[in-house]
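A look at the structure
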Amino acid sequence: MSLEDEDPVRPRPRQVNGEVSGIPRLRGMGDPSLRSTTAPGGSRTGVMAEGWEPGPALDDGDVTPGGAPQQAWKPEDALMTELSELVQKVVKSSSWWERHGVDISILTCSFLLLPAGFLCLRSAHAIPFLVGVLTLGVVHHTLTVKGSHLASHNALTESKSWGKVWAIFFIELCSAFTVEQATYNHVKIHHGYTNIIGLGDSSTWKLPFLNRYVYMFIAPLAVPILTPLVALDLLRNVEWKAALRTLCCMFLGFYCHYWLLLHVSGFQSPWSALLCMLLTRSLLAHPYIHVNIFQ
């Protein structure tokens with residue numbers, strides 16, 4: 001878990017779009033309010049929340065030297081600055097092992113388990129086969145959830161250049177999402193407005209037309225299918241070069257998984273390989289969605 005998730009400062013409930021925040025409710029994966037949200041200046045949105053600092057406090061009537069009205073310093077700006085200072089204080093007092101070592105070790109172990117998982121799927125016996133499914137499912141969610149989260153905060157390395165590389169690998173290749181939108185929506189929106197309903201509230205799963213039992217226990221199996229569809233929709237809000245890169249990475253990630261199932265795990269038909277892909281990628285979708293909803 002990265003330090004940013006332990007929000008020590010929570011903004012007080014506020015009214016947004018006619019609703020009072022402070023009571024968690026469900027938001028949509030690909031909610032229109034977020035799908036249409038783009039960062040200022042196009043797709044170059046990988047700015048860390050910890051590095052953001054507001055300007056000096058101004059009253060509503062303050063103006064710039066040129067005479068143009070300037071937006072007042074909002075209370076949440078002060079809260080975000082205080083949160084950033086607390087996070088930076090903890091980061092500076094932490095060792096490299098605490099900042100990066102533990103998480104890199106977990107991700108490395110996940111990569112090392114991949115060959116064992118694919119080889120176990122070659123077995124005609126139920127127990128080794130199920131061990132392979134479980135192994136690949138855990139590895140997939142470790143790389144996509146933990147790896148993508150760390151990469152979105154540039155928490156895997158001190159180098160910004162390598163941070164960008166890892167973000168593309170974990171977010172686009174492994175998770176089938178676009179780096180620019182994922183980083184902006186998570187770091188700038190979610191962490192900037194954590195309990196503002198309709199903006200930064202944590203839940204990203206919303207299918208209100210479904211029966212509650214279908215919604216909670218069957219629909220999460222479709223997460224591996226819905227995620228790339230939402231990502232494709234968000235590509236409208238990024239530059240064409242970033243969109244093309246994302247499409248290539250998404251295709252490469254899916255094809256590599258499919259190819260390994262056919263040529264390493266020994267699946268005989270494309271449909272059986274695709275079904276195994278769906279099974280392993282959705283194996284831990286239920287606990288992820290349930291925590292995501294109720295946190």
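Residues numbered from 1 in each chain as written. Predicted model: local features only at pLDDT ≥ 70, side-chain atom pairs only at ≥ 80, totals over all residues. Heavy atoms only, no water.

**Here's the deal with the UniProt feature "transmembrane region" (unreviewed entry) in the protein chain**
Applied cut-off: UniProt positions are given in the numbering used here, feature names are shortened, and annotations may be inferred rather than shown by experiment. Counting from the N terminus, the helices are DSSP H or I runs at least four residues long and the strands are E runs at least two residues long.
In the numbering adopted here, UniProt assigns the feature "transmembrane region" (unreviewed entry) to residues 213-235, 242-260 and 272-289. As annotated, residues 213-235 has a helix share of 74% and a strand share of 0%, and its two end C-alpha atoms lie 32 Å apart. Between the end C-alpha atoms of residues 242-260 the distance is 27 Å, and the span holds 100% helix and 0% strand.

**Comments concerning the packing of helix H3 (residues 96-120) against helix H4 (residues 126-152)**
A pair of packed helices is captured by two measures, namely the crossing angle of their axes and the spacing between those axes. Selection criterion: Geometry is summarised by axes, namely lines fitted to C-alpha atoms with helices restricted to the contacting stretch, and by angles between N-to-C directions that run from 0 to 180 degrees. In this scheme, roughly parallel covers angles under 35 degrees and roughly antiparallel covers those over 145, while 65 to 115 is roughly perpendicular and the rest are oblique. Handedness of each helix crossing follows the sense of rotation of the near helix against the far helix: counterclockwise by less than a right angle gives left-handed, clockwise gives right-handed. Contacts are assigned to residue pairs with any non-hydrogen atoms lying within 4.5 Å of each other. Residues were grouped as follows: Ala, Val, Leu, Ile, Met, Phe, Trp, Tyr, Cys and Pro as nonpolar; Asp, Glu, Lys and Arg as charged; and all remaining residues, including Gly, as polar.
Interhelical geometry of H3 versus H4 gives an angle of 150 degrees and a closest axis separation of 8 Å. By the angle between their directions, the pair H3 and H4 is classed as roughly antiparallel. Considering how the two elements wind past one another, H3 and H4 form a crossing that is left-handed. Every residue of H4 that contacts H3 at Asp103, Ile106, Leu107, Ser110, Phe111, Leu113, Leu114, Gly117, Phe118 and Cys120 is listed here: Pro128, Phe129, Val131, Gly132, Thr135, Leu136, Val139, Thr142, Leu143, Lys146, Gly147 and Leu150. Tallied by class, residues from the contact of H3 with H4 come to 14 nonpolar, 6 polar and 2 charged.

**Notes on the pattern of salt bridges**
The criterion, for reference: We define a salt bridge as a contact between a side-chain nitrogen of Lys or Arg and a carboxyl oxygen of Asp or Glu at a distance within 4 Å. With a 1.4 Å probe rolled over the protein chains alone, any residue whose accessible area is under 20% of its type maximum counts as buried; one over 50% counts as exposed, and the rest are partly exposed.
Applying the stated rule across the entire model yields 6 salt bridges. Between Arg99 and Glu158 there is a salt bridge, with the nearest N and O atoms lying 3.5 Å from each other. Highlighted residues: Arg99 in helix H3 and Glu158 in the loop between H4 and helix H5 (160-174), separated in sequence by 59 residues. By relative accessible area, which is 26% here, Arg99 ends up partly exposed. Exposure remark for Glu158: the relative accessible area of 56% places this residue in the exposed category. We note a salt bridge from Arg245 to Glu172, for which the minimum N-O separation is 2.6 Å. With Arg245 in helix H9 (residues 240-263) and Glu172 in helix H5, this pair connects stretches of sequence that are 73 residues apart. On the accessibility criterion, Arg245 (22% relative accessible area) is partly exposed. Residue classification places Glu172 among the buried residues on the basis of a relative accessible area of 0%. Taken together, the salt bridges that share partners define one network made up of Lys164, Glu172, Glu180 and Arg245.

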